[in-house]
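# Structural characterization, general
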Amino acid sequence: MNRKRFWKLGMREFNTQYFDVDKKGDLLVREGNNQYNLRYLAEKFGTPLEVVFPFILEERLEDLLDLFNAQIKALKYRGRFSYHYPMKVNQNKEVVMPLVSEGANLETGSANELWLVKRLWEQATFNPKIKILCNGPKTDKYIRLIDELQHRGLSVMPIIEGPNEVGVFGQSRYDIGVRLDIPPQVTVDSRWDKQVDRFGFSESELLHLGRMRNLKILHYHVGSQIEKQADILQPLRYALKVFTKLKKINPTLDTIDIGGGMPIPYDRKVGYSVANLAGQMLRMMKKFADRNGIPHPNLTVEWGRYIVAPAQVTIYKVIDSKAIAKGTAKKWYVIDGSFMNDLLDTWAIHQKWHVLPTAHLESKKLVKTWLAGSSCDSDDKYTGQNSYVLLPDFDPSSTAEPLYVTFLDSGAYQDPLASHHCLLSSPAKIIAENGHIIVARKRETAEEVGKLFGW
Ligand SMILES: Cc1ncc(COP(=O)(O)O)c(C=O)c1O
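Please read these numbers as outputs of a predicted model, since none were measured by experiment. (Residues numbered from 1 in each chain as written. Predicted model: local features only at pLDDT ≥ 70, side-chain atom pairs only at ≥ 80, totals over all residues. Heavy atoms only, no water.)

Together, Leu-423, Leu-452, Phe-453 and Trp-455 give the surface a local cluster of nonpolar side chains, amounting to about 540 Å² of exposed area. For Trp-455, the position within the fold is in the segment after helix 15 (446-452). (Patch = residues over 30% accessible without salt bridge, like charges linked within 9 Å, V, L, I, M, F, W, Y side chains within 5 Å. Areas by Shrake-Rupley, 256 points an atom, 1.4 Å probe, with all protein chains shown as cover. Salt bridge = Lys/Arg side-chain N within 4 Å of Asp/Glu carboxyl O. Helix = DSSP H or I, 4+ residues; strand = E, 2+ residues; numbered from the N terminus.)

Below, the structure is given as structure tokens:
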């Protein structure tokens, strides 16, 4: 059996083209002719361990920008494409900076995220032409920061989310956007509670807001991990109709920002390709604009998960195993970290992961397992994509060689959501780039974690 195929490595459609297996059965990541042996890194830096690969981020963004720009040219589309990285997905510097260097603009969701932008801008780390979109409810602090940065010359565009913000920004001399609430019947399958959606304005509310001085962007966001292409295209069709009506009142309007949502094949099922989606979106926008006699709108996306998730892996060590008397798996493997702390979406939204051993990938003796986190909670577990996780059969009490497990695609949302249930330390984090390893976050000591709780 081909072990590389068995573990679904080296496959572009699953974003594992960078992963390989060496002769010993160790899991490798290749960056050009540099390679990183994940077992070796786990042994050297200890577990739990997060490994970030900035080159994966850079390649993914570069591919996305090239793809949209090529389609724009091929279709003779006259609007522009721009990418805004939503910082909420992962605010770590080692993620934000490589994306900015590849040409990403930014999207912030809070005053604190915008404060980070301010700091980097003051340090002259950013090209002053970078564009910032500000989503999220605008607290006084957020409004003051937007105002300050606009006055100082940075392109900061608030997206109006509610009536109070119309009063604050509606007649601003700087560019603004407004958020459309897409009605539930238009979208189908996404991670978003549509029944109680409270973001933005309905179509009729928007059309009654009257003229705003510098309205440029119509923005909406219908959810994350949208697994059917139609669920991206249908809201766009709806938004185009609203855009056309709104443009009659606000002739300055020239951009549609579709928010986030492009999915990751966590469950190793191929949904749709980004190339196909880009073509369909642009063709729809062109046809619609030509038919309605308006200029082709610029298109902005805020796809976070799609760019960031594959650029990080999380590695745990199996510290114990127990028999399962009755169940879809045979053994519990207890790991030295916590799903509820380090991969919180496992618990929050029953996230599925691509899990594989970090070494022994050639092993033919596999066993169906459930993985248990180290906290006291019975919810702290991962039971796999098919009610089990297939891993090498292993008994830590009878072998000196440790078993490590690697979770792929852990780069999006898990770090910002992380917590300290049972006062467990967060995983250490390293950055692998150009053949070098940099420690981005040391393992927290008991003293450091205690301090967070006032000790
Ligand atoms: C306004 C907005 N834009 C972008 C995103 C990023 O979404 P995703 O990571 O699914 O692309 C989110 C996520 O919640 C969001 O709320």
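Strand 14 (residues 331-335) sits mainly inside the fold: 4 of its 5 residues count as buried. Looking at chain direction, strand 13 (residues 312-323) and strand 14 are connected through 5 bridges and run antiparallel. The partner of Ser-321 across the bridge, within strand 14, is Tyr-333. Summarising the sheet, strand 14 and strand 16 (residues 366-372) pair through 4 bridges and their orientation is parallel. Paired with Trp-332 across the two strands is Trp-370, which belongs to strand 16. (Buried < 20%, exposed > 50% of the residue type's maximum accessible area, 1.4 Å probe, protein only. Pairing = 2+ DSSP bridges.)

Each assigned domain of the protein chain is listed with its residue range as follows: domain 1 (3-54 + 309-452) and domain 2 (77-303). Averaged C-alpha coordinates put domain 1 and domain 2 at centres separated by 34 Å. The interface is formed by 25 residues belonging to domain 1 together with 16 residues belonging to domain 2. Buried surface at the junction of domain 1 and domain 2, summed over both partners, amounts to about 1,700 Å²; 57% is from carbon and sulfur atoms. (Domains from an automatic or database assignment. Contact = heavy atoms within 4.5 Å. Buried area = accessible area lost by both parts, 1.4 Å probe.)

Of all hydrophobic cores here, the largest spans 130 residues; its most connected members are Tyr-83, Tyr-85 and Trp-303. Counting contributing residues per domain, this core is built from domain 1 (3-54 + 309-452) and domain 2 (77-303), each supplying no fewer than three. If we ignore the near neighbours within four places in the chain, the residues touching Tyr-85 are Asn-90, Val-95, Val-96, Leu-99, Ala-104, Asn-105, Leu-106, Glu-107 and Val-308. (Core = buried A, V, L, I, M, F, W, Y, C linked by side-chain atoms within 4.5 Å.)

All chains considered together, the criterion is met by 15 aromatic pairs. Seen from their ring centres, Trp-303 and Tyr-306 are 6.2 Å apart, and the 70° between their planes marks the pair as edge-to-face. Residues Tyr-333 and Phe-394 carry aromatic rings whose centres are separated by 6.2 Å and whose planes lie at 85° to one another, so their mutual orientation is edge-to-face. Highlighted residues: Tyr-333 in strand 14 and Phe-394 in the loop between strand 18 (389-392) and strand 19 (404-407), separated in sequence by 61 residues. By the burial criterion, Tyr-333 is buried, and Phe-394 matches it. Aromatic rings pair up to connect Tyr-18, Tyr-36, Phe-53 and Phe-55 into one cluster. Over the ring of Tyr-306 we find Arg-60; its NZ or CZ atom is 4.5 Å from the centre of that ring. (Phe/Tyr/Trp six-rings, centres within 6.5 Å; stacked < 30°, edge-to-face > 60°. Lys NZ or Arg CZ within 6 Å of the ring centre and 35° of its normal.)

Here we take up the site of the ligand. If you check the shell around the ligand, you find 16 residues, and the closest are Ser-224, Glu-302, Gly-304, Arg-305 and Tyr-413. A distance of 2.9 Å separates an oxygen atom of the ligand from a polar atom in the backbone of Gly-304. One of the side-chain nitrogen or oxygen atoms of Tyr-413 is found 2.6 Å away from an oxygen atom of the ligand. Within the complex, the protein chains bury 92% of what would otherwise be the 400 Å² of accessible surface of the ligand. (Near = heavy atom within 4 Å. Polar contact = N/O pair within 3.5 Å; in protein donor to acceptor, adjacent residues only side chain to side chain.)

Quick look at helix 5 (residues 111-122) now. The terminal C-alpha atoms of helix 5, which comprises 12 residues, lie 16 Å apart, in line with the 16 Å expected from a rise of 1.5 Å per residue. Residues of helix 5 that are buried: Ala-111, Glu-113, Leu-114, Val-117, Lys-118, Leu-120 and Trp-121. One or two steps after helix 5, the chain reaches Ala-124, where phi turns positive at roughly 60°. (Expected span 1.5 Å × (residues − 1).)

An order of 1-2-3 is seen for the 3 strands of this open sheet, with the pairing classed as antiparallel. Either end of the sheet is taken by a strand with one partner, and the two such strands are strand 1 (19-21) and strand 3 (34-37). Recorded for the sheet is a direction-independent mean angle of 35° between the axes of neighbouring strands. Across the face of the sheet, helix 2 (residues 38-45) comes into contact with strand 1, strand 2 (27-31) and strand 3 while running at roughly 60° to strand 3. (Axes fitted to C-alpha atoms, helices over the stretch in contact; angles between N-to-C directions.)

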